[in-house]
Amino acid sequence: MKKYKQLIAVIIFILIAASLSFYYVVMNREDTEFKEGIAMPRGIIIGEKKIDDEVVAKTLVMEIQRVTLEKATKYDMNNINDNDRAFLIQPLYEENAVKSGQLVAIEVLKDGTFVASKNVNGRLQYVKGQFSTYTMDYFTALHTLQF
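Residues numbered from 1 in each chain as written. Predicted model: local features only at pLDDT ≥ 70, side-chain atom pairs only at ≥ 80, totals over all residues. Heavy atoms only, no water.

**Some details on the side chain of Asn119**
Part 1 of the reasoning: Looking at the secondary structure, you find Asn119 in strand 6 (residues 113-120).
Part 2 of the reasoning: Here the side chain of Asn119 touches Gly122 through a polar contact of 3.0 Å, landing on its backbone nitrogen.
Part 3 of the reasoning: Apart from the residues lying within four places of it in its own chain, the contact partners of Asn119 are Lys99, Ser100, Gly101, Gln102, Val104 and Leu124. (Helix = DSSP H or I, 4+ residues; strand = E, 2+ residues; numbered from the N terminus. Polar contact = N/O pair within 3.5 Å; in protein donor to acceptor, adjacent residues only side chain to side chain. Contact = heavy atoms within 4.5 Å.)

The structure is reproduced here in structure tokens:
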């Protein structure tokens, strides 16, 4: 009888540990590594418009570093519905700049959320986040400006 009680106690302990692990994985999806080591671009391409301005580029990087980011996948980046997409932002870097840490693309959706990708030692890392209303208005204005 004592062995059964010990076996039940071990099984309960394993179930509690598994439940806590599952909760941690599901609820702690924040990705803080993405924010570290982002290479500063010299400008951006938003839609089809090239904006070679460091202030705009710094605004983009600072906003990505400011918001809460969740881990994402290549699937999240590639399967964005065209009806939900607002515009694409592509950072501009010098040709001879180090590739690691460079942002590759930021898909911005109409609701202010975005999916971004960054080159990390030759592979892409993806995150999801949401721009503030002010930032979304700023990038929308840049996207709609006539040059």
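Moving on from the coordinates now.
**A closer look at the packing of aromatic side chains**
Part 1 of the reasoning: All told, the structure shown has 3 aromatic pairs when counted by the stated rule.
Part 2 of the reasoning: Between Phe114 and Phe131, the aromatic rings sit 4.4 Å apart at their centres with planes inclined by 25°, giving stacked as the arrangement. In this pair, Phe114 sits in strand 6 while Phe131 sits in the loop between strand 7 (123-130) and helix 4 (133-144), placing the two residues 17 residues apart along the sequence. With respect to class, Phe114 is no different from Phe131; both count as buried.
Part 3 of the reasoning: Ring plane angle 65° and centroid distance 5.4 Å describe the contact between Tyr138 and Phe139, whose orientation is recorded as edge-to-face.
Part 4 of the reasoning: Grouping aromatic residues by their ring pairs yields a cluster made of Phe114, Phe131, Tyr138 and Phe139. (Phe/Tyr/Trp six-rings, centres within 6.5 Å; stacked < 30°, edge-to-face > 60°. Buried < 20%, exposed > 50% of the residue type's maximum accessible area, 1.4 Å probe, protein only.)

**As for the pairing of strand 7**
Part 1 of the reasoning: Here strand 3 (residues 70-72) runs beside strand 7; their pairing, made up of 3 bridges, is antiparallel. Paired with Ala72 across the bridge in strand 7 is Tyr126.
Part 2 of the reasoning: Here 8 bridges tie strand 6 to strand 7, and the two strands are oriented antiparallel to one another. Bridge assignment links Phe114 to a residue of strand 7, and that residue is Gly129.
Part 3 of the reasoning: Remark: 2 residues form the turn of the hairpin made by strand 6 and strand 7, two consecutive strands paired antiparallel; Asn121 in that turn has positive phi of roughly 50°. (Pairing = 2+ DSSP bridges.)

These figures come from the coordinates and say nothing about function on their own.
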